[in-house]
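# Fold and contact review
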Amino acid sequence: MMTMSFTSIRKILDGRFEGKQVGIRGWVYRKRESKDIIFVVVRDATGVIQCTVTRDSPAWADAEKVTIESSVTLTGTVRKDERAPGGFEVSTNQLRIVGLAEPFPITKDQSEEFRRDVRHLWLRSQRMIKIMKIRSEVLKFVHEFFRKSDFTEVSPPMFISSAVEGGATLFGVKYFDKDLYLTQSAQLHLEVLIGSLEKVYCVAPSFRAEKSRTIRHLAEYWHVEAEQAFATMDDLMRLEEDLVSYVCQKVAKQCEKELRKLKVDAKKLAEVKPPFGRITYDEAIERLHKKDFKIRWGEDFGFDEERALAKEFGKPLFVYAYPREIKAFYCKMYKENPKLVMSVDLIVPKIGELATGGSRIDDKEELIERLREFGLKEEDYDWYVDLRRYGTTPHIGFGLGVERLLAWMLDLENVMDTIPFPRTIRRFYP
Ligand code: 4AD
Ligand code: MG
């Protein structure tokens, strides 16, 4: 058999092969038939192209037989044709069915629920292909940003022995004859690593046993986390806004085509720039009261409060200096007002909280006191207290959810649509 060489569809659509013979391999995306011509629209990872098969072509019999989502290889001549989507089509002279598909269960106008049930097939949709490509770019730019900023990438453990973000959302796992947990955040381990590397970051899964069904909670999500020694709250907010702006601007430029197909305005992303808004928790409460929210001082914001605040600013917004009761045990208190802690949430329109960060307690006694206050066992955190015993430094850090970032950037309804295999209380298949 003749050996074929294959070309990516993107290159054909770029016009590099006009009049030439090409080989393509991919999957049948659409098929339309009339008496003397069959249109087989083929997709590969790079694009979609219309291939025509005429009745006199040796490919006719296979073109008649081929079904949607069958895998195929074909050869043909590239022709410019204004009527073809993309401006080029391939006159096919040879078609080989690699894997003939059974009737594909996904058709037009099916519910979002159904598409999530058949996620393993829905991932082939043009929509998911675009989202997955942008997700890949977002991750690339996150790494690029930290590398440029002299952070060292580190690899934290997924099995942990002590909680970071409180017991309510911990997943327990059997670990030989012990009971351990899946990590909720790499923060405490990143704090260890700043003792040697000063500025560290990671992109890793975090696990939360979230029982409520919302548009922004997953049981397994990807977490961008960073920690930095000798840094302040101001440094922290600048770091976060620089990161988010860098990613948005890069994506606006590099993913223009995908954004257009997803009907996302690239200009809006390009306009995400520092400085973001900055208000204290106290100010946030005042603003909410003016909007008739019933929230009392000392209560945490819910989804509605966050969205209302972000909407008012129309851009990302930092809220900092929270009541100590509603934030985690490791948050450092303000000397002048110990009721408040140096914790900061980054909130954005529609999604609400995108990141949480803050200054960590660097004093040993204060940390031990807080562990007691939270009813946590000191011996479980002894290694963490050690960091305050041996050369402690003031330090900051934050964690940002990749899926929330994507859902916000791409204006998606649910974080589930930003990750290939979403895990929620009900969804763990496939
Ligand atoms: O606010 P969280 O719980 O903060 C921490 O875990 C800190 N220890 C992070 C740090 O300082 N290193 O989680 C951080 C972010 C949230 O702002 C949100 O974007 C995301 O992680 N997140 C979730 N994303 C999807 N599904 C969930 N169940 C999430 N829980 C948190
Ligand atoms: Mg938070």
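Everything below is about the structure printed above this text.
Described in the following lines is the structure provided in the data block.

Definitions and cut-offs
- Residues numbered from 1 in each chain as written.
- Chains lettered and ligands numbered in written order.
- Predicted model: local features only at pLDDT ≥ 70, side-chain atom pairs only at ≥ 80, totals over all residues.
- Heavy atoms only, no water.
- Helix = DSSP H or I, 4+ residues; strand = E, 2+ residues; numbered from the N terminus.
- Buried < 20%, exposed > 50% of the residue type's maximum accessible area, 1.4 Å probe, protein only.
- Lys, Arg positive; Asp, Glu negative; His and termini not counted.
- Charge placed at Lys NZ, Arg CZ, Asp CG, Glu CD.
- Pairing = 2+ DSSP bridges.
- Donors = N, O, S within 2.8 Å, 3.2 Å for Na, K, Ca; no water.
- Contact = heavy atoms within 4.5 Å.
- Patch = residues over 30% accessible without salt bridge, like charges linked within 9 Å, V, L, I, M, F, W, Y side chains within 5 Å.
- Areas by Shrake-Rupley, 256 points an atom, 1.4 Å probe, with all protein chains shown as cover.
- Salt bridge = Lys/Arg side-chain N within 4 Å of Asp/Glu carboxyl O.
- Axes fitted to C-alpha atoms, helices over the stretch in contact; angles between N-to-C directions.
- Parallel < 35°, antiparallel > 145°, perpendicular 65-115°, else oblique.
- Left-handed = near helix turned anticlockwise from the far one by under 90°.
- Nonpolar A, V, L, I, M, F, W, Y, C, P; charged D, E, K, R; others polar.
- Phe/Tyr/Trp six-rings, centres within 6.5 Å; stacked < 30°, edge-to-face > 60°.
- Lys NZ or Arg CZ within 6 Å of the ring centre and 35° of its normal.
- Polar contact = N/O pair within 3.5 Å; in protein donor to acceptor, adjacent residues only side chain to side chain.
- Core = buried A, V, L, I, M, F, W, Y, C linked by side-chain atoms within 4.5 Å.
- Near = heavy atom within 4 Å.

### Some points on the overall build of the protein chain
Along the protein chain, the regular secondary structure elements total 14 helices and 17 strands. Each principal axis of the C-alpha distribution contributes one length, and for the protein chain these read about 85 × 55 × 40 Å. For the protein chain, the residues scored as buried account for 51% of the 430 residues in total. Placing the 71 positive and 68 negative side-chain charges of the protein chain at their respective mean positions leaves the two points 7 Å apart.

### Considering the pairing of strand β16 (residues 352–359)
Judged by how many residues are buried, β16 sits mostly within the fold: 6 of 8 residues are covered. Where strand β15 (residues 337–348) meets β16, 6 bridges bridge the pair, whose relative direction is antiparallel. Residue pairing for β16: V348 is matched across the bridge by G352. Connecting β15 to the next strand, β16, in antiparallel fashion are 3 residues, including K350 with a positive phi near 75°. With 5 bridges joining them, β16 and strand β17 (residues 395–401) adopt antiparallel strand pairing. Within β17, the residue paired with G358 across the bridge is G397.

### Side note on the coordination of the magnesium ion (ligand 2)
Six octahedral donors around a metal ideally make angles of 90 or 180 degrees; four tetrahedral donors ideally make 109.5 degrees. Looking at the magnesium ion (ligand 2), the protein donor atoms are E353 (OE) and T356 (OG1), and they sit 2.2 to 2.3 Å from it. Here E353 falls in the partly exposed class, since its relative accessible area comes to 23%.

### Digging into helix α12 (residues 364–373)
Quick reminder: α-helices carry 3.6 residues per turn. Residues three or four places apart thus point the same way. Along α12, the residues classified as buried are E366, L367, I368, R370 and L371. As for α12, its buried residues are in contact with β14 (333–334), β15 and α13 (382–389). Backbone geometry just downstream of α12 places G375 in the positive-phi region, at approximately 70°.

### Concerning a nonpolar patch on the surface
There is a patch of nonpolar side chains on the surface, built from F159, Y175 and F176 and spanning about 360 Å² of accessible area. Within the secondary structure layout, Y175 lies in strand β8 (residues 172–175).

### Overview of the packing of helix α7 (residues 233–254) against helix α14 (residues 402–409)
It is the contact of α7 with α14, at a shortest axis distance of 12 Å, that shows an interaxial angle of 50°. In terms of their interaxial angle, α7 and α14 are classed as oblique. The chirality of how α7 crosses α14 is right-handed. Together, V244, V247, C248 and V251 of α7 and L405, W408 and M409 of α14 make up the contact between the two elements. Here the contact of α7 with α14 is built from residues that sort into 7 nonpolar, no polar and no charged.

### As for the packing of aromatic side chains
All chains considered together, the criterion is met by 16 aromatic pairs. Taking 4.9 Å as the distance between ring centres and 75° as the angle between the ring planes, the aromatic pair formed by Y175 and F176 counts as edge-to-face. Under the relative-accessibility criterion, F176 is labelled exposed at 73%. Where F329 meets F374, the ring centres are 6.5 Å apart and the plane angle is 65°; that geometry is what we call edge-to-face. With F329 in the loop between β13 (317–323) and β14 and F374 in the loop between α12 and α13, the pair connects residues that are 45 residues apart, well separated along the chain. Linked through ring pairs, F329, Y330, F374, Y381, W383 and Y384 together constitute an aromatic cluster. The lysine or arginine in question, K327, covers the ring of Y322, its NZ or CZ lying 4.2 Å from the ring centre.

### A word on the sheet that holds strand β9 (residues 178–182)
Here 3 strands make up an open sheet; going across it, the order is β7-β9-β8 and the pairing antiparallel. In the strand order of this sheet, the two ends are held by β7 (159–160) and β8, each with one partner. As paired elements, β7 and β9 share 2 bridges and run antiparallel to each other. Within β9, the position partnered with I160 by the bridge is Y181.

### Focus: the environment of V154
Along the chain, the position of V154 falls in the loop between β6 (152–153) and β7. Judged by relative accessible area, V154 falls into the buried class, the value being 9%. Spatially, the C-alpha atom of V154 lies 32 Å from that of A310, the residues being 156 residues apart in sequence.

### Brief notes about the sheet that holds strand β1 (residues 21–33)
A barrel is described by the order of its strands in space; here 5 strands give the closed sequence β1-β2-β3-β5-β4, paired in mixed fashion. Taking each pair of neighbouring strands and ignoring which way they run, the sheet shows an average axis angle of 55°.

### Brief notes about the side chain of E191
Structurally, E191 is set in helix α6 (residues 187–197). A distance of 2.6 Å separates the side chain of E191 from the side chain of Y384, its partner in a polar contact. Discounting chain neighbours no more than four positions away, the residues touching E191 are E227, R360, Y384, L387, R388 and H395.

### Focus on the nonpolar core
In this structure, F146, V251, W408, M409 and L410 are the most contacted members of the largest nonpolar core, which totals 65 residues. In terms of residue count, α7 provides more of this core than any other element does, 11 residues in total. Filtering out sequence-adjacent residues up to four positions away, V251 remains in contact with I134, V138, F141, E256, L259, L269 and M409. Membership of the second largest hydrophobic core comes to 31 residues, among which are L170, I279, L309 and L371.

### Here we look at the site of ligand 1
In the neighbourhood of ligand 1, 21 residues make up the surrounding shell, with E165, Q187, E225, E353 and R360 lying closest. For ligand 1, the accessible surface in isolation is 620 Å², of which the surrounding protein chains cover 95%. Sorting the residues of the shell around ligand 1 by element identifies β11 (220–229), β16 and β17 as the ones contributing at least two each. For the shell around ligand 1, the leading source of residues is β16, giving 4 residues. A class-by-class count of the residues in the shell around ligand 1 yields 6 nonpolar, 7 polar and 8 charged.

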